[in-house]
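Summary of the model geometry
Chain by chain, the residues run as shown.
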Amino acid sequence: IDRYNMGMLALSCQQDASCHEQFIDAMERYADLIEQANGAQRVRDLDARIGNYVKADPRRYYRDQDYDDHVACLQTFFDNRADQIRNWVAEARALQ
C-alpha cells in the first residue's frame, strides 16, 4: 500500500485532512476484514480440493512448480496483507 500509485480521486482525498483520516479508518477496517476472511486457509483448502486435478490436466500450459509457486504466493499475500495495511495505518497516523 505504501507504494500504491493513486489515481486522481484518491490522491485528492489524501491531500484533504478529513478525507485522509476517513481513508485511514477505512483501511484499518479493511485489514480486519482481510484477517477475518482467512484467505490463506481458503487457499490451502482450495489447493487440497483441486490441486491434484489441476496438476493432472493435460491441457495446462504451466509446470507443477508454477502452480505450487502461485499457491504459495497467494498464501503469503493473505498471511501478510492485514499486517502490512496495519503498519501503513500506524505510519499514516503517526504523520498526522
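Attention here is on the structure that accompanies the text. Bear in mind that the values here come from a model prediction, so they are computed numbers and not experimental data. Residue indices follow the written sequence of each chain, beginning from 1 at its first position. For a predicted model such as this one, the threshold for reporting local features is a pLDDT of at least 70, and the threshold for listing and counting side-chain atom pairs is 80 or more; totals across whole chains, interfaces and linings nevertheless cover every residue. Computation of side-chain values covers all heavy atoms of the structure but excludes hydrogens and water.

Here we look at the packing of aromatic side chains
Only Phe, Tyr and Trp rings are paired, with Trp represented by its six-membered ring, and only when their centres lie within 6.5 Å; those with planes under 30 degrees apart are stacked, over 60 edge-to-face, the remainder tilted. All told, the structure shown has 3 aromatic pairs when counted by the stated rule. Judged by centre distance (5.3 Å) and plane angle (85°), the rings of tyrosine 61 and tyrosine 62 are edge-to-face. Exposure remark for tyrosine 61: the relative accessible area of 78% places this residue in the exposed category. With a relative accessible area of 28%, tyrosine 62 lands in the partly exposed category. Arranged with centres 5.3 Å apart and planes meeting at 80°, the rings of phenylalanine 77 and phenylalanine 78 form a pair that is edge-to-face. Each residue is assigned to one of three classes by its accessible area relative to the maximum for its type, calculated with a 1.4 Å probe on protein chains only: buried under 20%, partly exposed between the two thresholds, exposed over 50%.

Some points on the side chain of histidine 20
Elements are defined by DSSP. Helices are runs of H or I of four residues or more, strands are runs of E of two residues or more, and each kind is numbered from the N terminus. For histidine 20, the position within the fold is in helix α2 (residues 17-37). Contacts between residues were defined by any pair of non-hydrogen atoms, one from each residue, lying within 4.5 Å. In this view, histidine 20 contacts Cys13, Gln14, Ala92 and Gln96; residues no more than four positions away in its chain are not counted.

Some words on the state of the cysteines
Any cysteine sulfur atom paired with another within 2.5 Å is treated as part of a disulfide. Per the stated rule, a full pass over the model turns up 1 disulfide. Two residues, cysteine 13 and cysteine 19, share a disulfide whose sulfurs are 2.0 Å apart. Measuring the twist about the S-S bond at about -105°, one finds the cysteine 13-cysteine 19 disulfide to be left-handed.

Some thoughts on the side chain of glutamine 14
In this fold, glutamine 14 is placed in helix α1 (residues 8-15). Side chain to side chain, glutamine 14 and histidine 20 meet in a polar contact 2.5 Å long. Here a polar contact means two N or O atoms within 3.5 Å. Within protein one must be a hydrogen donor candidate and the other an acceptor candidate, and residues neighboring in sequence count only if both atoms are side-chain atoms.

As for the environment of histidine 20
Residue histidine 20 is classed as buried on the basis of its relative accessible area of 17%. Separated by 76 residues in sequence, histidine 20 and glutamine 96 place their C-alpha atoms 9.5 Å apart.

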